[in-house]
2 protein chains.
Amino acid sequence: MTPGRWMKASVTMIEPNDHFCSDCAVRGIAVCASLDPAELGEFEHLGRRVHFGAGETVFSEEDITTSFYNLLEGVMRLYKLLPDGRRQIVGFALPGDFLGMNLSGRHNFSADAIGAVTVCQFAKTAFGRFMEDRPHLLKRINELAIRELSQARDHMVLLGRRSADEKVATFLLGWRERLVPLKGSSNTVPLPMSRQDIADYLGLTIETVSRTFTKLERHGAIEIIHGGISLRDPARIEALAAA
Amino acid sequence: MTPGRWMKASVTMIEPNDHFCSDCAVRGIAVCASLDPAELGEFEHLGRRVHFGAGETVFSEEDITTSFYNLLEGVMRLYKLLPDGRRQIVGFALPGDFLGMNLSGRHNFSADAIGAVTVCQFAKTAFGRFMEDRPHLLKRINELAIRELSQARDHMVLLGRRSADEKVATFLLGWRERLVPLKGSSNTVPLPMSRQDIADYLGLTIETVSRTFTKLERHGAIEIIHGGISLRDPARIEALAAA
DNA sequence: AAAGCCGATTGACCCAGATCAAATTTGACG
DNA sequence: CGTCAAATTTGATCTGGGTCAATCGGCTTT
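Let me begin by describing the structure that accompanies this report. Residue numbers here run from 1 along each chain, matching the order of that chain's written sequence. As they are written, the chains are lettered A onward and the ligands numbered 1 onward, keeping that order. Where local features are concerned, this predicted model is filtered to residues with pLDDT of at least 70; where side-chain atom pairs are given and counted, the filter is 80 or more; whole-chain, interface and lining totals use all residues. Only heavy atoms go into the side-chain values, all of them from the structure, while hydrogens and water stay out.

Let us look at the relation of the copies chain A and chain B. Least-squares superposition of the copies uses the C-alpha atoms of those residues scoring a pLDDT of at least 70 in each of them. Placing chain A over chain B gives an RMSD of 0.0 Å and needs a rotation angle of 180 degrees, together with 0.0 Å of translation along the axis. Taken together, the turn and the small shift mark the pair as related by a two-fold rotation axis. Most of the interface of chain A is mirrored in chain B, where 100% of its interface residues again form contacts. It only takes one pair of heavy atoms within 4.5 Å for two residues to be counted as in contact.

Of the residues lining the interface, 42 residues belong to chain A; the matching set on chain B comes to 42 residues. Accessible surface is computed with a 1.4 Å probe, and the buried area is the amount of it that two parts give up when combined, taken over both parts together. With both sides pooled, the region where chain A packs onto chain B buries about 3900 Å², and carbon together with sulfur makes up 65% of that total. Considering only the surface of chain A that becomes buried against chain B, Arg153(A), Met156(A) and Arg161(A) emerge as the three largest contributors, covering 21% of it. Whenever a carboxyl oxygen of Asp or Glu lies within 4 Å of a side-chain nitrogen of Lys or Arg, that contact is scored as a salt bridge. There are eight salt bridges connecting chain A and chain B. Secondary structure elements follow DSSP: runs of H or I of four or more residues count as helices, runs of E of two or more count as strands, with numbering from the N terminus. For the side of chain A that touches chain B, the element with the highest residue contribution is helix H3 (residues 135–161) of chain A, accounting for 21 residues.

Only centres within 6.5 Å qualify two rings of Phe, Tyr or Trp (six-membered ring in Trp) as a pair; their planes then separate them into stacked at under 30 degrees, edge-to-face at over 60, and tilted for everything else. Tallying each qualifying case throughout the model produces 28 aromatic pairs over all chains. For the pair Phe43(A) and Phe130(A), a centre-to-centre distance of 5.3 Å together with 40 degrees between the ring planes defines the contact as tilted. Residue Phe43(A) is located in helix H1 (residues 37–43), and its partner Phe130(A) is located in helix H2 (residues 124–132); the two are separated by 87 residues in the primary sequence. The structure contains a cluster of three or more aromatic residues connected by ring pairs, namely Phe43(A), Phe68(A), Phe98(A), Phe122(A), Phe127(A) and Phe130(A). Should the NZ of a Lys or the CZ of an Arg lie within 6 Å of a ring centre and within 35 degrees of the ring normal, that charge is described as sitting over the ring. Directly above the aromatic system of Tyr79(B) lies the positively charged group of Arg87(B), at a separation of 5.7 Å from the ring centroid.

With that settled, the discussion passes to the protein's contact with DNA strand C. It suffices for a single heavy atom of a residue to lie within 4 Å of a molecule or strand for the residue to be listed as near it. Surrounding DNA strand C, one finds 15 residues, the nearest of these being Thr214(A), Ala164(B), Thr208(B), Arg211(B) and His226(B). For DNA strand C, the fraction of protein-proximal atoms (within 4 Å) that sit in sugar or phosphate groups is 63%. One of the side-chain nitrogen or oxygen atoms of Arg211(A) is found 2.8 Å away from a base nitrogen of DNA strand C. Between N or O atoms, a polar contact is any pair within 3.5 Å; within protein, one atom must be a potential hydrogen donor and the other a potential acceptor, and residues adjacent in sequence are included only when both atoms are from side chains. Between DNA strand C and Glu207(B) there is a distance of 3.0 Å, counted from a base nitrogen to a side-chain nitrogen or oxygen.

Our next topic: the environment of Ala93(B). Residue and element names in this part refer to chain B. Within the fold, Ala 93 resides in strand S5 (residues 87–93). On the basis of relative accessible area, Ala 93 is assigned to the buried category, the value being 1%. As a C-alpha pair, Ala 93 and Gly 47 span 46 residues in sequence and 19 Å in three-dimensional space. The contact partners of Ala 93, leaving out residues within four places of it in the chain, are Leu 71, Gly 74, Val 75, Met 76, Leu 78, Leu 99 and Arg 178. Exposed residues in this analysis have more than 50% of their type's maximum accessible area, buried residues have under 20%, and partly exposed residues fall in between, with area computed by a 1.4 Å probe over protein chains only.

By volume, the largest pocket amounts to about 1300 Å³. Elements supplying a minimum of two residues to the lining of the largest pocket: strand S4 (67–81) and H3 of chain A together with S5, strand S6 (98–99), helix H3 (135–161), helix H4 (164–183) and helix H7 (234–242) of chain B. Charged residues are taken to be Asp, Glu, Lys and Arg, nonpolar residues to be Ala, Val, Leu, Ile, Met, Phe, Trp, Tyr, Cys and Pro, and polar residues to be all remaining types, Gly included. Class assignment for the residues of the lining of the largest pocket results in 31 nonpolar, seven polar and ten charged. Put plainly, a pocket is an open set of points on a 1 Å grid over the protein atoms alone with protein on both sides within 12 Å along at least five of seven lines, a cavity is a set where a 1.4 Å probe fits but cannot get out, and a lining residue has an atom within 4 Å of a point. Grid points are joined across faces, edges and corners, and a volume is the space filled by probe spheres set on the points. Here the second largest pocket defines a volume of roughly 1000 Å³. Counting residues per element, the ones that place at least two in the lining of the second largest pocket are strand S5 (87–93), strand S6 (98–99), H3 and helix H4 (164–183) of chain A together with strand S4 (67–81) and H3 of chain B. The residue inventory of the lining of the second largest pocket, partitioned by class, reads 25 nonpolar, six polar and ten charged.

For DNA strand D, the set of nearby residues contains 15 residues, the closest of which are Thr208(A), Arg211(A), His226(A), Ser210(B) and Thr214(B). Among the atoms of DNA strand D lying within 4 Å of the protein, the sugar-phosphate backbone contributes 64%. Take Glu207(A): an N or O atom from its side chain is 3.0 Å from a base nitrogen of DNA strand D. Separating a phosphate oxygen of DNA strand D from a side-chain N or O atom of Thr214(B) is a distance of 2.7 Å. Elements with a contribution of two residues or more to the surface near DNA strand D: helix H6 (206–218) of chain A together with helix H6 (206–218) of chain B. Sorting elements by how many residues they give to the surface near DNA strand D places H6(B) first, with four residues.

Burial analysis of helix H5 (residues 195–202) of chain A places six of its eight residues in the buried class, which makes it a mostly covered element. Among all positions in H5(A), only Asp197(A), Ile198(A), Ala199(A), Asp200(A), Tyr201(A) and Leu202(A) are buried.

The subject of this paragraph is the pattern of salt bridges. With the rule as written, the count across this model stands at 40 salt bridges over all chains. With a closest N to O distance of 2.9 Å, Asp165(B) and Lys215(B) form a salt bridge. On the criterion of sequence distance, the pair formed by Asp165(B) in helix H4 and Lys215(B) in helix H6 is long-range, its members being 50 residues apart. We classify Asp165(B) as partly exposed; its relative accessible area is 21%. A relative accessible area of 28% places Lys215(B) in the partly exposed class. Close ionic contact of Glu238(B) with Arg176(B) constitutes a salt bridge, the shortest N to O distance being 3.6 Å. Pair noted here: Glu238(B) is in helix H7 and Arg176(B) is in helix H4, with a separation of 62 residues, a long-range link. Given a relative accessible area of 40%, Glu238(B) falls into the partly exposed group. Taken together, the salt bridges that share partners define one network made up of Arg77(A), Arg87(A), Asp112(A), Asp197(A), Asp200(A) and Arg161(B).

Another aspect to go through is the packing of H2(A) against H3(A). All names here are of chain A. To obtain an axis, a line is fitted to C-alpha atoms, over the contacting stretch when the element is a helix, and the angle between two such axes runs from 0 to 180 degrees between their N-to-C directions. Contact geometry for H2 and H3: axes closest at 7 Å, N-to-C directions at 115 degrees. The segment H2 lies against H3, with Phe 127, Phe 130 and Met 131 engaging Pro 135, Leu 137, Leu 138 and Ile 141. Across the contact of H2 with H3, the residue classes tally to seven nonpolar, no polar and no charged.

Take the pairing of S5(B) next. All names here are of chain B. Across the seven residues that make up S5, a large majority, seven, are buried. Pairing between strands is defined by DSSP: at least two bridges between the two strands are required. Bridge count between S4 and S5: six bridges; the pairing is antiparallel. Residue pairing across strands places Tyr 79 opposite Ile 89, the latter belonging to S5. Counting the residues in the hairpin turn of S4 and S5 gives five residues, including Gly 85, whose phi is positive at 100 degrees.

Here you go:
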């Protein structure tokens, strides 16, 4: 309510509880889309907004799950590490995504902020209690899980059976598509993540990602711009991705 | 009830409705584990048992979803095809697995029987209606989805970041682990699927799978037996899979 | 504006796994 | 048991993408 809104903390910043779900940016697309205005009032008290800076880790694989997270702003990378340090990014999270569900009681992947991020954090127990007698919320969470499962299967095809060119093309189109509900349709695809992140998402090395971008640019299919890619010949990229 | 139990059909065989959920093999582990005995009586009338022979397709990607399936007996391969015929197997289904959930109204992968298979088939609409006022069933389905999502993420790591040796070792141990609840623990791992299926699951070629098996056998880590693999040196395989 | 840093690009070379091509084994059936 | 057809194994060779090693270029710091 006051002008100086943030509580300062060494790393993460916790916003005072002066916000309302009703005017939340992700109200219509996140888990809360399933709640009616009356429920929303109660729901409001369960979550608190937390900010993370670029590169900060929100939770790590194998951590005991104490919270669920609803991403409000920014982009996160979700990844798993092998003991020797090899990394596979299993997905990028965007506003509206719900993170932290698992059966084991421990997170089964790690999650970092890419750039500044705001999440709505819920205590697992309180959230579970709230959901107990609200099957429509459970249904919404189930829908999100099923959607993710479908995405995960698509990604398996990409990782197991596609060439580097196809991987990169498919990634660019898929990422652009995911941004449509947030930023509208455009041939300019912002890429807030690093080349290393893209490589670890596509099961490639950073060098191959870089070379593939350069090659596509030489062929006039894309233009590499600051902070992203511009699709110059979307049809060509689509042909590669379809292949 | 009578000796001649099966209705013959050209391909699939539909069992007459003389069975009971209460003595179903997967009663304790499938979706129906969430139902109490009273509900089970009603549930019984929703599903019918259907048999498929080796190699038959139960449903195909992009088919309109009219049914859900509860696998009772046998093994299925779940896969996606690229337009040019490349195949990625996204999972193998075992008894207790629930198939067919999706948001789009169309199946997002295809499913074939590997060997003889029995499923419990439910009309989507009737099942949906039944689930409507039974949140514990929804909760069970959500649990199964979350479990699958976790498996899918593990598989992404395998496809994107593991070597052929590691893939094969991880597959053998993972498959053995999945069989424990069904057949108990053993160093003999039955492999009902073909080498091609294994290759398409691991993102390899059939030749590489064959060579890797041969190599592991030469090194004394496994023995290739009829219809499967015997783990001679489980520690060695575990070391490869952990790597 | 020079220096330093870090992510990205480019080049040279290499190798794990793919491809192509035979064997060889297995299984189904008359 | 013999015959096919299909699945698997094995061998020879090739190549897409990895590895190793410089640069390059855009920021920040001073």
